[in-house]
Amino acid sequence: MTVGPQLGVAVSHPEVAGLALVLTGGADIRFYFDPVCPFAWMTSKWVRMVAAQREYTVDWRFISLRLINAGIDYDSHFPAGYEEGHTSGLRLLRVAARARAEHRRAAVGPFYETVSSEIFDAAGAAELTAATRGSRAFVEPLLARAGLPSGLADALDDTRWDDQIRAEGEEALALTGKDVGTPIIHFSPPEGPALFGPVISRLPSPQDAVRLWEHVTALAAFPGFAELKRSLRERPQLRSFGVQPGATGTKEDWHAGSRKTTP
């Protein structure tokens, strides 16, 4: 992987925010995330560990679970509450899109880290509701913590950002195919391979993080590789799931990104 210059422009309106995408240099990794996806969050923490050790640059990009599931009947495909949860993720991505447009791409990583650590790792994470995490009262102090203006929270209800978020999600799915979720990682873009995942429930040690990275990138680099999968997963090592750091979550069967509730 090579490191390219990170350039950007400040843009105030979503209609011209695409200019910021043009005037950017390369990154070693493109990571497509939805801030309310727990497995994307786990994988992002692993990617940050690897990036720090290997001096990789990461371009944090958007994929909205609500938008990629826009044509799905939530009542028949997901457990109760998922539509509201995914909608809160879209609301947060609107804020991230405005932050990127007005404060350059470097603002996205800190925003994502601050928001999702509060959603999944904070002491009160298990009690957070979807309505709360998609609210101005939730977002404004987190923007301040990320070093960004609280006024960016105005974007929570601004649907003008949705076309940009949708396009970025479609960009990600064009790399992997549509029968996937979040996260999607694009290695050595623009020509390198991309994969959904890896889906991990535990955070590895720094040494194991690099070892896992080497295995994943080796698989991704093989032209004929498509999928390795098992639906049995441990609950992720996140307080929002009732699993404390260092503990091992209960193993459960998951389907289409949600825990199965029937045998």
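The shown structure was predicted, so the numbers you read here are calculated from the model rather than taken from an experiment.

(A) Spatial organisation of the overall build of the protein. When you go through the protein residue by residue, the secondary structure sums to 10 helices and 7 strands. Partitioning the intrachain contacts of the protein with sequence separation of at least 6 by distance along the chain shows that 69% fall at a separation of at least 24. In the structure as shown, the protein presents an accessible area of about 12700 Å², 52% of it carried by carbon and sulfur atoms.

(B) Quick look at unusual backbone geometry. Put simply, Thr 182 and Pro 183 share a cis peptide bond, and its omega is 5°. Looking at where Pro 183 falls in the secondary structure, it is placed in the loop between α9 (162-176) and β3 (184-187). Backbone torsion omega between Gly 197 and Pro 198 reads 0°, so that peptide bond is classified as cis. Tracing the sequence through the fold places Pro 198 in the loop between β4 (194-196) and α10 (206-221). Residue Glu 55 is not a glycine yet carries a positive backbone phi of 60°. Mapped onto the secondary structure, Glu 55 falls in the loop between α2 (38-54) and β2 (58-62).

(C) Main features of the environment of Ala 144. Within the fold, Ala 144 resides in helix α8 (residues 136-145). A residue is classified by how much of its surface remains accessible, and Ala 144, at 52% relative accessible area, is exposed. Sequence separation between Ala 144 and Phe 111 is 33 residues; the distance between their C-alpha atoms is 9.6 Å.

(D) Local environment of the confidence of the model for the protein. The share of residues in the protein with pLDDT of 70 or more is 87%, and the mean pLDDT across the chain is 88. Counted against residues more than four places away or in other chains, residues 1-24, with its pLDDT under 50, gives 49 contacts.

What counts as what
- Residues numbered from 1 in each chain as written.
- Predicted model: local features only at pLDDT ≥ 70, side-chain atom pairs only at ≥ 80, totals over all residues.
- Heavy atoms only, no water.
- Helix = DSSP H or I, 4+ residues; strand = E, 2+ residues; numbered from the N terminus.
- Contact = heavy atoms within 4.5 Å.
- Areas by Shrake-Rupley, 256 points an atom, 1.4 Å probe, with all protein chains shown as cover.
- Buried < 20%, exposed > 50% of the residue type's maximum accessible area, 1.4 Å probe, protein only.
- pLDDT = per-residue confidence, 0-100.

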